[in-house]
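# An overview of the molecular structure
Here is how the chains run, residue by residue.
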Amino acid sequence: MNADPWANPRFQLWSVSSEPPKNTPLVEYGKANDKRFTIRVLHGGFFTDNTGKWYEKTKVHFISFVNIDLLNMEMLGRFSKSLGYTTMGNWYHMPTEEHYGLSMIPILNDDCLGTFKMIVRAHQFREIEHLYVENRPVYVPINFPHF
């Protein structure tokens, strides 16, 4: 039986570290990069409503060598497991231009993740992108695009 070894690989193509990358993304991934980037994940905490949104009790990890073509909700679940959680949790990103610092957009499905991926592409893979995770039960209304 010749099973395709790429169908379900036993290795991960990305890495997790509590230390930021030593190089800029351009140096880390090379000049011709058009698909890989680093995510700075803030996790282990929760959002508060103190004069805007604040994220309390934060742990920070960097997930490097993320391939944008492979990034989907299943991969976010794998990221959560690599950070030590048993559930995926609630992932959020902050728009960088129009609402900077004012709102967090939940990543509820692959369509929501598409907006984050557009931001990564707009940055031309040269930025360290930020995602936030809440692993405690939280109610996010479906009919609100951001909070």
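Residues numbered from 1 in each chain as written. Predicted model: local features only at pLDDT ≥ 70, side-chain atom pairs only at ≥ 80, totals over all residues. Heavy atoms only, no water.

Looking at an unreviewed UniProt entry, one finds the protein named PB1-like domain-containing protein and attributed to Lactuca virosa.

Moving on, we get to the overall build of the protein. Of regular secondary structure, the protein possesses three helices and seven strands. Counted from the first residue to the last, the protein has its helices and strands arranged as β-α-β-β-β-α-β-β-α-β. The burial tally for the protein puts 35% of its 147 residues in the buried class. When the accessible area of the protein is evaluated, it comes to approximately 9,400 Å², of which 53% is carbon and sulfur surface. (Helix = DSSP H or I, 4+ residues; strand = E, 2+ residues; numbered from the N terminus. Buried < 20%, exposed > 50% of the residue type's maximum accessible area, 1.4 Å probe, protein only. Areas by Shrake-Rupley, 256 points an atom, 1.4 Å probe, with all protein chains shown as cover.)

Applying the stated rule across the entire model yields two aromatic pairs. Relative to Phe116, the ring of Phe37 has its centre 6.3 Å away and its plane inclined at 55 degrees; by these criteria the two rings are tilted. Of this pair, Phe37 sits in strand β2 (residues 36-48) while Phe116 sits in helix α3 (residues 110-122), and the two are 79 residues apart along the sequence. Taking relative accessible area as the criterion, Phe116 reaches 2% and is therefore assigned buried. (Phe/Tyr/Trp six-rings, centres within 6.5 Å; stacked < 30°, edge-to-face > 60°.)

Turning our eyes to something else, we now look at the nonpolar core. In this structure, Phe37, Val66, Leu71, Leu76, Phe79 and Trp91 are the most contacted members of the largest nonpolar core, which totals 22 residues. Counting only elements with at least two residues in this core, the list comes to β2, β4 (59-67), α2 (73-82), α3 and β7 (128-134). Sort the elements by how many residues they give to this core and α2 lands first, with four residues. Those residues within four positions of Leu71 in sequence are excluded, and the remaining contacts are Phe37, Val66, Leu76, Phe79, Leu113, Phe116 and Lys117. Listed in part, the five residues of the second largest apolar core include Phe47, Tyr92, Met104 and Tyr132. (Core = buried A, V, L, I, M, F, W, Y, C linked by side-chain atoms within 4.5 Å. Contact = heavy atoms within 4.5 Å.)

Quick look at the side chain of Glu129 now. Inspection of the secondary structure assignment puts Glu129 in strand β7. The exposure class assigned to Glu129 is buried, which follows from its relative accessible area of 4%. Residues contacting Glu129, with those up to four places away along its chain left out, are Phe37, Thr38, Ile39, Arg40, Phe116, Ile119, Val120 and His123.

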